[in-house]
Each structure stands twice: as structure tokens, then as C-alpha cells.
Amino acid sequence: MPVDCASITASLLESELFGSLRGSYTGADRDRVGSLEAANNGTAFLDEIGDIDHSFQLRLLRFLQEREVRPIGASRAKKVDVRVIAATNKDLAQTC
């Protein structure tokens with residue numbers, strides 16, 4: 001399941017990766033399964049991970065530690081078994 005993090009705005013990246021429930025934000029007219037849940041028992045490839053917002057990195061780190069996704073608007077998290085591969089063309093040591 002490839003995700004190009006550079007082509008998705010910061011406000012939509014959370015919904016793209018974690019999913020969302022109907023009515024959780026304006027325009028959410030149906031439940032949406034996120035890329036990480038869709039990749040359950042498989043691999044998620046996060047391309048251009050160096051372009052994600054620094055504040056979103058905390059949520060992503062929590063996912064990597066707990067192996068759980070909580071869609072936007074959900075009260076409970078779901079366990080997933082996903083191998084994550086990430087790539088970037090940026091020097092991450094310089095961006096911190």
C-alpha cells in the first residue's frame with residue numbers, strides 16, 4: 001500500500017493514513033478505511049516521509065509503537081499488523 005506523503009496536505013494525511021468515520025469532519029459523508037488499516041497483514045510504503053508535518057510525527061510514532069490505528073472520530077483504536085517501509089530524499093538530520 002504506497003502513500004506519497006508529499007502529495008497529501010498535512011490536514012488530509014491523518015485521514016489518509018488512519019481513516020475517518022462518517023460525520024467526523026465537514027465533508028465526511030461515509031466511513032473511510034485508512035491506508036494503514038487497508039495494509040493490515042501486509043506492507044505500507046510511506047514515500048517522502050521527510051515532508052510530513054513535525055506535529056503529525058508524534059501520531060505516527062504512537063502508531064509505530066502501539067500498532068494501533070484510531071480513525072478520526074472513533075473512540076477506540078484498532079490493532080493492525082503492518083510492516084512499514086519509509087523513504088525520503090531529504091537529509092533528516094538537517095531538518096530537525
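Residues numbered from 1 in each chain as written. Predicted model: local features only at pLDDT ≥ 70, side-chain atom pairs only at ≥ 80, totals over all residues. Heavy atoms only, no water.

Draft legend 1. Fine view of the sheet that holds strand β4 (residues 42-47). Reading across the sheet, the 3 strands line up as β1-β4-β7 and stay open at both edges, with parallel pairing between neighbours. Of all the strands in the sheet, the pair left with one neighbour each is β1 (2-4) and β7 (82-87). Between one strand and the next, the sheet's axes are offset by a mean angle of 20 degrees, whatever the strand orientation. As paired elements, β1 and β4 share 3 bridges and run parallel to each other. Note on β4: the bridge partner recorded for V3 is L46. (Pairing = 2+ DSSP bridges. Helix = DSSP H or I, 4+ residues; strand = E, 2+ residues; numbered from the N terminus. Axes fitted to C-alpha atoms, helices over the stretch in contact; angles between N-to-C directions.)

Draft legend 2. Up close: unusual backbone geometry. Of note, the phi angle at N41 is positive, near 65 degrees, even though the residue is not glycine. Note on placement: N41 falls in the loop between α2 (35-38) and β4. A positive phi is found at R67, a non-glycine position, where the angle reads about 55 degrees. Checked against the element boundaries, R67 lands in the loop between α3 (54-66) and β5 (68-69). The class for R67 is partly exposed, based on a relative accessible area of 32%. (Buried < 20%, exposed > 50% of the residue type's maximum accessible area, 1.4 Å probe, protein only.)

Draft legend 3. Fine view of helix α1 (residues 10-18). Every buried residue of α1 is listed here: L13, S15, L17 and F18. Phi for G19, located one or two positions after α1, is positive at around 90 degrees.

Draft legend 4. Fine view of the packing of α1 against α3. At a closest axis distance of 11 Å, the pairing of α1 and α3 adopts a crossing angle of 10 degrees. The orientation of α1 relative to α3 falls into the category roughly parallel. Facing L13, E14, L17 and F18 of α1, the residues of α3 in contact are F56, R59, L60 and F63. For the contact of α1 with α3, the per-class residue count stands at 6 nonpolar, no polar and 2 charged. (Parallel < 35°, antiparallel > 145°, perpendicular 65-115°, else oblique. Contact = heavy atoms within 4.5 Å. Nonpolar A, V, L, I, M, F, W, Y, C, P; charged D, E, K, R; others polar.)

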